[in-house]
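This is what each chain is made of:
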Amino acid sequence: MLRTHAVRVASEAAQLVADAREAALSDISTKSSATDVVTSGDRAVERLIRERLDEMWPGVPVIGEEEGGQAPEHGLSWVVDPIDGTVNYLYGYPCYAVSVAAQVDGVSVAGAVADPVGDRMWTASRGDGARLNGRPLSVSSATRLELTLVATGFAYAAERRVRQAALWAALLPRVRDLRRPGASSLDLCAVAAGWVDAYVEHGLHRWDWAAGALIAEEAGAVVRLPSTANEDGLGADAVFVATPGIADALRAALLDSGAGKV
């Protein structure tokens, strides 16, 4: 039921994302920095999501990128990103999505990521696998670090970007290549589909990974999240998702490259 409701809400929200883009471009503001933008579309889509979830699950907390909220330690909550990839949305770069996840005791149990441009719906529920438009997903079979395609992203703060750039400059000679599409939910889904072998990023918020990380995990990925941070040296706010065959080697390479200092 939770996955069904997540899909229903994400689908309706994705339609609004597409319909609202032209109007959204005339109402743009910034948040943490001049590069961290928010549009009227982000706000309208989150309002719609909250209204629909409240109709289905009255009184259940909703944590969203634009209107905030506090993730409870216990019980059910919804975690939503109305437009993941707002800068892409602003520019018309076709890589942005709606992310809706249900969490119980802070752990994702169902989720949907809707790609309005690609007409893709990525879904998962814990213990029941991951799907793309109804088709079961499985991570890649990569086993060699030097043939690993890794996705990542960068922070809005310039000083942290400098550290992130140094990390990836050190790692790049050791992997096949890097990808930086600009929407973390879709990067995580790309791991689930085997389109990339891993995704690593520092500084994400819960709404960035709540649905996508579950989809990747249910497709067979090794997943390490800030909410389950351990003393692995990658950094307390690191998201690490990789196909099992290269997970240990990639983690070691990241540590050698200075991931803990990002």
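See the structure printed just above.
Reference entry: report on the structure contained in this document. Keep in mind the model is a prediction, meaning the values are calculated, not measured.

1. Some details on the environment of Val17
Checked against the element boundaries, Val17 lands in helix 1 (residues 2-24). For Val17, a relative accessible area of 1% corresponds to the buried category. Separated by 231 residues in the primary sequence, Val17 and Asp248 have C-alpha atoms spaced 38 Å apart. Setting aside chain neighbours within four positions, we find Val17 in contact with Val45, Pro82, Ile83, Tyr89, Tyr96, Val98 and Pro116.

2. Some details on the sheet that holds strand 13 (residues 222-224)
Strand order across the open sheet formed by five strands is 11-10-12-14-13, with mixed pairing between neighbours. At either margin of the open sheet sits one strand with a lone partner, and together these are strand 11 (177-179) and strand 13. Across the sheet, the mean angle separating the axes of adjacent strands is 15° when strand polarity is ignored. In terms of strand pairing, strand 13 meets strand 14 (residues 238-242) through three bridges, oriented antiparallel. Along strand 14, the bridge assignment pairs Val222 with Ala242. Relative to strand 12 (residues 198-202), helix 4 (residues 158-171) is tilted by about 150°, and along the sheet it contacts strand 10 (149-151), strand 11 and strand 12. Contacts between helix 7 (residues 244-257) and the sheet are confined to strand 10, strand 12, strand 13 and strand 14, with strand 14 contributing the most and set at about 145° to the helix.

Calculation rules
Residue indices follow the written sequence of each chain, beginning from 1 at its first position. Per-residue local features of the predicted model are confined to residues with pLDDT of at least 70, and side-chain atom pairs are confined, for both listing and counting, to 80 or more; whole-chain, interface and lining totals are unaffected and use all residues. The basis for every side-chain value is the complete set of non-hydrogen atoms in the structure, without hydrogens or water. Going along the chain from the N terminus, every DSSP run of H or I of four or more residues is numbered as a helix, and every run of E of two or more is numbered as a strand. Accessibility here uses a 1.4 Å probe with only protein chains present; expressed as a share of the type maximum, an area under 20% marks a residue as buried, one over 50% as exposed, and anything in between as partly exposed. Here a residue-residue contact requires only that any non-hydrogen atoms of the pair lie within 4.5 Å. One requirement defines pairing of two strands: DSSP has to find at least two bridges between them. The convention used is that axes are lines fitted to C-alpha atoms, helices contributing only their stretch in contact, and that angles between N-to-C directions extend from 0 to 180 degrees.

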